[in-house]
Amino acid sequence: MGKYVIAGNWKMNKTPAEATALINELKPLVANASCDVIVGVPFVDLPAALEATAGTNIGVAAQNCHWKESGAYTGEISAAMLKAMGVGTVILGHSERRTYFGDTNETVAQRVRGALDAGLNVILCVGEYLEQREQGVTGEVVAMQTKIALGGVSEEELKRVIIAYEPVWAIGTGKTATAEQANEVCALIRATVAGLYNDAAAKALTIQYGGSMNAGNAADLLAQPDVDGGLIGGAALKANDFSIIVAAAK
Ligand code: PGA
């Protein structure tokens, strides 16, 4: 429904030199992509990634940002800093940030606010833990994450937001949601957004699936009506695999 976007989430992998090499390998493989292509790289790789992707169809994302523009926040990076260096997008609310680094629905919402204020595009990650799926509260969890994160976001600003549905139990586990499970929750997110805004805004929204998406299962997942792309971890570190996923998004 929304525009297809395939984004790599490299997580804490690759030095700047390795980032340049991977992007250079990727460039010819995705040059004719019919979807948007983004690489989400570690902060220190951003200059190398921006240089290597200049003049190409590959966008560059950071993997987090602070909500304040500047200040006494040792070790943090602001959205304004990312924007100033030419970064287009930031991944926010990833489950690894929520699980290991204390991100909550409220701080994710603040980060979304800060990123949009700075002029960045946002990939907002939502998704349930295995135990929540087993308790039958996936819909409630994902709807709540979506509503809180979009709390202060206008309909105009929503055009700069992608939502990535990433069931936590599928991330890095090799255990993918079935295409039907992925579509069901992506459809639920779209319905939630329709409730917050309207049908047109919900239809235009890009909703990605993430969680062990790979060269073998991407086509099936991307063929689902409510799955408009992917947020790819492990498979994004291999140019060939990532390019196969990109080619499947059409
Ligand atoms: P994975 O990671 O593809 O390695 O499961 C996805 C993600 O965490 O965005």
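All figures in this text were calculated on a predicted structure; none of them were measured in a lab.

S.K.: Mind laying out the overall build of the protein chain, listing which residues take part and the relevant values?
M.R.: Counting its regular elements, the protein chain contains twelve helices and eight strands. Here the C-alpha radius of gyration of the protein chain, 17 Å, is about what a compact globule of 250 residues would show, namely 18 Å. In terms of its C-alpha atoms, the protein chain occupies a principal-axis envelope of roughly 45 × 45 × 35 Å. Total accessible area on the protein chain is roughly 10,600 Å²; 54% of this is exposed by carbon and sulfur atoms.

S.K.: Tell me about the packing of helix α1 (residues 16-30) against helix α12 (residues 239-248), residues and numbers included.
M.R.: To describe two helices that pack against each other, one gives the angle between their axes and the distance between the axes. The N-to-C vectors of α1 and α12 enclose an angle of 35 degrees; their axes lie 9 Å apart at closest approach. In this structure, α1 crosses over α12, and the sense of that crossing is right-handed. Residues Leu22, Glu25, Leu26, Leu29 and Val30 of α1 pack against Ala239, Asn240, Phe242, Ser243 and Val246 of α12. Looking at the contact of α1 with α12 residue by residue, the classes come out as seven nonpolar, two polar and one charged.

S.K.: Could you give an account of the sheet that holds strand β8 (residues 229-232), naming the residues involved and the relevant values?
M.R.: Read once around its circumference, the closed barrel built from eight strands follows the order β1-β2-β3-β4-β5-β6-β7-β8, with strand pairing classed as parallel. Strand-to-strand, the axes of this sheet are offset by a mean angle of 25 degrees, without reference to chain direction. As defined by bridge partners, strand β4 (residues 89-92) adjoins strand β5 (residues 121-126) across four bridges and the pair is classed as parallel. Across the sheet, Thr89 pairs through a bridge with Asn121, a residue of β5. Running at roughly 160 degrees to strand β1 (residues 5-9), α12 makes contact with β1, β2 (36-40) and β8 of the sheet.

S.K.: Kindly report on the packing of aromatic side chains, identifying the contributing residues and their values.
M.R.: Evaluation of the coordinates by the stated rule reveals two aromatic pairs. Look at Tyr100 and Phe101: their rings are 6.3 Å apart centre to centre, the planes differ by 85 degrees, and that puts the pair in the edge-to-face class. Phe101 sits in the exposed class, given a relative accessible area of 52%.

S.K.: Which residues make up the packing of helix α7 (residues 138-149) against helix α9 (residues 179-196), and what are the values?
M.R.: Across the interface, α7 lies against α9 with an axial gap of 10 Å and an inter-helix angle of 45 degrees. Taken together, the axis directions place α7 and α9 in an arrangement best described as oblique. With respect to the hand of their crossing, α7 and α9 are arranged in right-handed fashion. When α7 is examined against α9, the residues Thr138, Gly139, Val142, Ala143, Thr146 and Lys147 are found in contact with a partner set consisting of Val185, Leu188, Ile189, Thr192, Val193 and Leu196. Within the contact of α7 with α9, the residues separate by chemical class into seven nonpolar, four polar and one charged.

S.K.: A description of α1 should follow, citing residues and the corresponding values.
M.R.: Because an α-helix packs 3.6 residues into every turn, residues spaced three or four apart end up facing the same way. The first and last C-alpha atoms of α1 sit 21 Å apart over 15 residues, in line with the 21 Å expected at 1.5 Å per residue. The inward-facing, buried residues of α1 contact β2, α2 (46-53), β3 (58-62) and α12.

S.K.: I'd like a rundown of the pairing of β1, residues and numbers included.
M.R.: Of all five residues that make up β1, five are buried, and the element is covered over most of its length. Alternating positions in β1 separate into two faces, Val5, Ala7 and Asn9 on one and Ile6 and Gly8 on the other, with burial throughout. Sheet analysis places β1 next to β2, joined by five bridges and oriented parallel. When the bridges of β2 are listed, Asn9 appears paired with Gly40. At this point the chain moves from β1, through α1, to the parallel β2, and the crossover so formed is right-handed. Looking at chain direction, β1 and β8 are connected through four bridges and run parallel.

S.K.: Just give me the short version of the site of the ligand, but keep the residues and values in it.
M.R.: Residues in contact with the ligand amount to 13 residues; listed here are only the nearest, Lys11, His94, Glu166, Gly172 and Ser212. In the environment of the ligand, an oxygen atom lies 2.6 Å from a nitrogen or oxygen atom belonging to the side chain of Glu166. The contact in question runs from an oxygen atom of the ligand to an N or O atom on the backbone of Gly172, over 2.7 Å. Summarising the interface, the protein chains cover 95% of the accessible area of the ligand, which totals 280 Å² for the free molecule.

Procedures and definitions
- Residues numbered from 1 in each chain as written.
- Predicted model: local features only at pLDDT ≥ 70, side-chain atom pairs only at ≥ 80, totals over all residues.
- Heavy atoms only, no water.
- Helix = DSSP H or I, 4+ residues; strand = E, 2+ residues; numbered from the N terminus.
- Rg over C-alpha atoms; globule rule 2.2 N^0.38 Å.
- Areas by Shrake-Rupley, 256 points an atom, 1.4 Å probe, with all protein chains shown as cover.
- Axes fitted to C-alpha atoms, helices over the stretch in contact; angles between N-to-C directions.
- Left-handed = near helix turned anticlockwise from the far one by under 90°.
- Contact = heavy atoms within 4.5 Å.
- Nonpolar A, V, L, I, M, F, W, Y, C, P; charged D, E, K, R; others polar.
- Pairing = 2+ DSSP bridges.
- Phe/Tyr/Trp six-rings, centres within 6.5 Å; stacked < 30°, edge-to-face > 60°.
- Buried < 20%, exposed > 50% of the residue type's maximum accessible area, 1.4 Å probe, protein only.
- Parallel < 35°, antiparallel > 145°, perpendicular 65-115°, else oblique.
- Expected span 1.5 Å × (residues − 1).
- Right-handed = clockwise from strand over helix to strand, strands pointing away.
- Near = heavy atom within 4 Å.
- Polar contact = N/O pair within 3.5 Å; in protein donor to acceptor, adjacent residues only side chain to side chain.

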